[in-house]
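Residue strings, one per chain:
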Amino acid sequence: MSALIAAEFLKLRTTRTFWWLSLVAVALPVLVVVITLATSNTVSQDDGRSLLSNIGIAGLFTLILGVVGAAGEYRHGTITSTFLVAPDRRRVLVAKALAHAIGGLFAGLVAAVVVLAIAIPWLSSQGHAVGTLSLSTGDIAAIAAGSVAYAAVAAILGVGFGSLLTSQVAAVVIVLILVSVVDPVAAGLAHQYGKFSLQGLGMAMSGNSSENAGYELFAPGVSGLIYLGYSIALIAAAAVAVPRRDIG
Amino acid sequence: MIAVEALTKRYGRTVAVDGLTFTTRPGSILGFLGPNGAGKTTTLRIILGLAHPTSGTATIDGRPYRSLGDPTGEVGSVLDTSGLHPGRRGRDHLRIIARAAGLPVSRVDEVLRLVDLESAARVRTGAYSLGMRQRLNLAAAILGDPRTLVLDEPANGLDPQGIRWLRDFLRSLAADGRTILVSSHVLSEVSQTVDEVVVIHRGRLRAHSTLTELTARGAGSATVRVRSPQAERLAELLGPAATQVQPGLLTVGDRPPEQVGELAAQNGITLHELVAERADPSLEEVFLELTRDTDGDVA
Ligand SMILES: Nc1ncnc2c1ncn2[C@@H]1O[C@H](COP(=O)(O)OP(=O)(O)O)[C@@H](O)[C@H]1O
Ligand SMILES: [Mg+2]
C-alpha cells in the first residue's frame, strides 16, 4: 500500500497542474488577507478570526486538485497503466485519496504559514497585536490547523468526484457549480442545513464564527468529522463504481 | 501462457468478441490478427483485467490478471489506449510505474536504454512523436522483466525503420524465452516476426495456425486454366466452378487439373491447354480471404 501511495504522490509531483494549483491555493488566501489588512481595520475578535480563516480558501483549490488528479487519469489514458500495475482498483483509489490528502495538506500548510507570517506582524504594526484581539496562540493554531485539515479532506472529496465522473472538464464544472452556487444557495435558503453544507463545514473548520457565516455552525472538530464523512462516502461510492467499469 | 476460453463480450447489441478460444505457446510469438473492429483490443483488454467479459474466461498461467501477485513482473503490456500525461517527462512516467511495482529507479534507466529513448528521457511526453510514445510504452511493458508480453498494434504509426526496429526488438525478447501476443490489422507488419497466428473476424476465430500452414491452406484453392474449342460445353459440365474468361478460355476453381482433364476425356472434349495456375496466393490474400464477410451481412 505504501508503494502505491508513493507512486500516486509521484504522479502528483510530476505534473505542472499540481504545482500551479498549489501556487494558487497559497497565493489567493495571501492576496485576500493582504487586501483586507490594507483596506479595513481589524479591530474585533471576529474580525481577526474572519481574517485568518481566509487560509481556508486553499481548500477550494485542493478540492479541484483532487478532481483533476483523479479524472485526469481518464482524460489522458494513464488510468490504463495505473490499473495494469495495480489491478486492485480499490487500493488504487485509497492510495490516490491519501496521496491527494497529503498534497492538499502540503498546500494548506504553506498557505497557513505564509498568511500568518504576513498577518501577525502587520496587525502588530497597526497596533492590534493578536493578543489585543483576544485571540490566543491556541486560537490561532486551531484556525491554522483546521484550515490545513480542510485543505486535506477537500482533496479527498475531489478525488471521489473525479473518480466517479471521470470526464475531467465535466467534473471540474460540476464541482465548481456545486460549491459556488448550489451549496451556498441551499445553505442561505435553509439555515438549518447551513451547518451541514460544504460551505458551512469549511467555514467552521477554518475558524469562522456563526456570526461570520450568517447561520449556525458546528464546532470545527465536529465539522471536520462530517466533512471527512462526506469524503469517505464519496470514495466508498467510487470503490463500488470503479471496479465495475471497463477501461478504455 | 495466455488462455482465452469461450470468451464473449457484448456492448449493447454489438458482439465485440464472440466465443473466442485460443492459447499461446510458451516461448513463441503469436500474431493476433483481424481487421479494424474485429475485437482484438477488446480481447486484450479482457486478458489484462481492464474490461469484464460477458461470459468466458481469460487467464495468464492459469490465473485471471487481477489475481496475479506481481502483474508487472509476470505480464508486460501496451494497449492502444495506454496514454501518457503530456506534461509529464518520459522518465517520470516510468518512475511512477516502477515505484508502484517496487522496482528500483536503476531499472527505469536500463529500459530507457533498451528502447533507445535515453536522450528524450527528460522531455515532456507531449513533445514525443508517435514512435517515441510507442517506445516509451514498450519500455513500461518490459520494466518488470515479465515472461509474457501483450502488445496491441505496437507497429501502428511507426515508419518502416520503426517497424524494423520493433521486429528486432520483439525477436530479441522472444529469444530470451518470452511468450509474446502481438496484435495487428496488417499481416505484413508482423508476418516476419510471428511464429503463429490467430485470425479473428467479427469477434470469431477464423484460423489458428503457423504461417506455413496458413499459406498451404490458401494453396488448396489454386485454379486450373483450360483452353478448348468446346469451352462452353465443358463449362456446363463443370458447373459453377468454371468461369469463362474469354471465348475458348476457362478458369476452374477448387478442382485439381486431373479431374478437369478426365471429365473432358469422358465427354470427348478436345483440350488445347490444361494448366494448373501457380496461383499460390500471398499470405495477405489468405488473410483477406479469412476476414471477408461470408455470411452476407453488411460489414
Ligand atoms: N467501449 C465500447 N463500447 C461499445 N462498443 C465497443 C467498445 N469497445 C469496442 N467496441 C466495439 O467492439 C468491436 C470490436 O472493437 P475492438 O476490440 O476495438 O476491435 P479491434 O481492436 O480489432 O479494431 C467494434 O465494433 C467496436 O466498435
Ligand atoms: Mg484495436
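Preceding this section is the structure that the text describes.
Because the structure is predicted, anything quoted here is derived from the model rather than measured. (Residues numbered from 1 in each chain as written. Chains lettered and ligands numbered in written order. Predicted model: local features only at pLDDT ≥ 70, side-chain atom pairs only at ≥ 80, totals over all residues. Heavy atoms only, no water.)

Student: Help me out: how do you make sense of the packing of helix α3 (residues 90-101) of chain B against helix α5 (residues 130-142) of chain B in this one?
Tutor: Pairs of packed helices are described in terms of their axes, by the angle between the two and the distance that separates them. Residue and element names in this part refer to chain B. Their axes nearest at 10 Å, the elements α3 and α5 cross at an angle of 20°. It follows that α3 is roughly parallel to α5 by the angle criterion. Our pair here, α3 against α5, has a crossing hand that is right-handed. Across from Gly-90, His-93, Leu-94 and Ile-97 in α3, the residues of α5 making contact are Leu-136, Asn-137, Ala-139 and Ala-140. Split by residue class, the contact of α3 with α5 holds five nonpolar, three polar and no charged. (Axes fitted to C-alpha atoms, helices over the stretch in contact; angles between N-to-C directions. Helix = DSSP H or I, 4+ residues; strand = E, 2+ residues; numbered from the N terminus. Parallel < 35°, antiparallel > 145°, perpendicular 65-115°, else oblique. Left-handed = near helix turned anticlockwise from the far one by under 90°. Contact = heavy atoms within 4.5 Å. Nonpolar A, V, L, I, M, F, W, Y, C, P; charged D, E, K, R; others polar.)

Student: Can you walk me through the interface of chain A and chain B in this structure?
Tutor: Many authors give the size of an interface as the accessible area that is lost as the parts come together. At the junction of the two partners, chain A supplies 27 residues and chain B supplies 31 residues. Of the roughly 2,500 Å² buried between chain A and chain B on both sides combined, carbon and sulfur atoms contribute 58%. Residue Lys9(B) is joined to Asp246(A) by a salt bridge in which the shortest nitrogen-to-oxygen separation is 2.6 Å. Inspection of the region where chain A meets chain B yields 13 residue pairs in polar contact (both at pLDDT 80 or more). The set of elements that each furnish at least two residues to the side of chain A that touches chain B consists of α1 (2-13), α2 (16-39), α5 (78-85) and α12 (220-244) of chain A. In terms of residue count, α1(A) provides more of the side of chain A that touches chain B than any other element does, seven residues in total. (Buried area = accessible area lost by both parts, 1.4 Å probe. Salt bridge = Lys/Arg side-chain N within 4 Å of Asp/Glu carboxyl O. Polar contact = N/O pair within 3.5 Å; in protein donor to acceptor, adjacent residues only side chain to side chain.)

Student: Help me out: how do you make sense of the side chain of Arg49(A) in this one?
Tutor: Residues and elements named next belong to chain A. Looking at the secondary structure, you find Arg-49 in helix α3 (residues 45-52). Buried within the structure, Arg-49 lacks any salt-bridge partner; its nearest side chain of opposite charge belongs to Asp-139, at an N-O separation of 4.1 Å. Once residues within four sequence positions are removed from consideration, Arg-49 is found in contact with Leu-135, Asp-139, Ile-143, Gly-207 and Asn-212. (Buried < 20%, exposed > 50% of the residue type's maximum accessible area, 1.4 Å probe, protein only. Lys, Arg positive; Asp, Glu negative; His and termini not counted.)

Student: For this particular structure, what's the right way to read the nonpolar core?
Tutor: Generally speaking, soluble globular proteins have nonpolar side chains that are buried together. All names here are of chain B. One finds Leu-94, Leu-117, Leu-151, Leu-170, Ile-180, Val-182 and Val-197 to be the most contacted residues of the largest nonpolar core, which totals 47 residues. Ranked by the residues each element gives to this core, the list is headed by α5, at seven residues. Not counting the four nearest positions on each side in its chain, Val-197 is found in contact with Leu-30, Gly-31, Leu-33, Leu-187, Ala-207, His-208, Ser-209, Leu-211 and Leu-214. (Core = buried A, V, L, I, M, F, W, Y, C linked by side-chain atoms within 4.5 Å.)

Student: Mind showing me how you'd approach the site of ligand 1 here?
Tutor: All names here are of chain B. Around ligand 1 sit Tyr-11, Thr-14, Ala-16, Pro-35, Asn-36, Gly-37, Ala-38, Gly-39, Lys-40, Thr-41 and Thr-42, and that is every residue in its neighbourhood. Within the complex, 63% of the 560 Å² of free accessible area of ligand 1 lies under protein. Mapped by element, the contributors of at least two residues to the shell around ligand 1 are β2 (14-23) and α1 (40-47). A per-element tally of the shell around ligand 1 places α1 first, with three residues. For the shell around ligand 1, a count of residues per class yields four nonpolar, six polar and one charged. (Near = heavy atom within 4 Å. Areas by Shrake-Rupley, 256 points an atom, 1.4 Å probe, with all protein chains shown as cover.)

Student: What am I meant to see in the sheet that holds strand β4 (residues 55-60) of chain B here?
Tutor: Two strands in a sheet stick together by hydrogen bonds in their backbones, pointing the same way (parallel) or opposite ways (antiparallel). Residue and element names in this part refer to chain B. Taking strand neighbours across the sheet as the criterion, the three strands line up as β2-β1-β4 in an open arrangement whose pairing is antiparallel. Each end of this open sheet is capped by a strand with a single partner; those strands are β2 and β4. Neighbouring strand axes in the sheet, compared pairwise and without regard to direction, differ in orientation by 25° on average. Note: strand β1 (residues 2-11) against β4, five bridges, orientation antiparallel. The residue of β4 that forms the bridge with Glu-5 is Thr-57. (Pairing = 2+ DSSP bridges.)

Student: Would you explain unusual backbone geometry in this entry?
Tutor: Only a minority of non-glycine residues have a phi that is not negative, and only a minority of peptide bonds are not trans. One non-glycine residue, Thr166(A), adopts positive backbone phi at about 60°. With respect to the secondary-structure elements, Thr166(A) resides in the loop between α7 (137-165) and α8 (168-189). Despite not being glycine, Asp61(B) shows a phi value in the positive range, around 50°. Overall, Asp61(B) belongs to the partly exposed group, its relative accessible area being 36%.

Student: What is the right way to look at the environment of Arg135(B) in this model?
Tutor: All names here are of chain B. By the secondary structure assignment, Arg-135 is in helix α5. Sequence spacing of Arg-135 and Asp-116 is 19 residues, and the spatial spacing of their C-alpha atoms is 8.0 Å. In contact with Arg-135, other than residues within four places in its own chain, are Val-115, Asp-116, Leu-117 and Trp-165. There is a polar contact of 3.3 Å between the side chain of Arg-135 and the backbone oxygen of Val-115.

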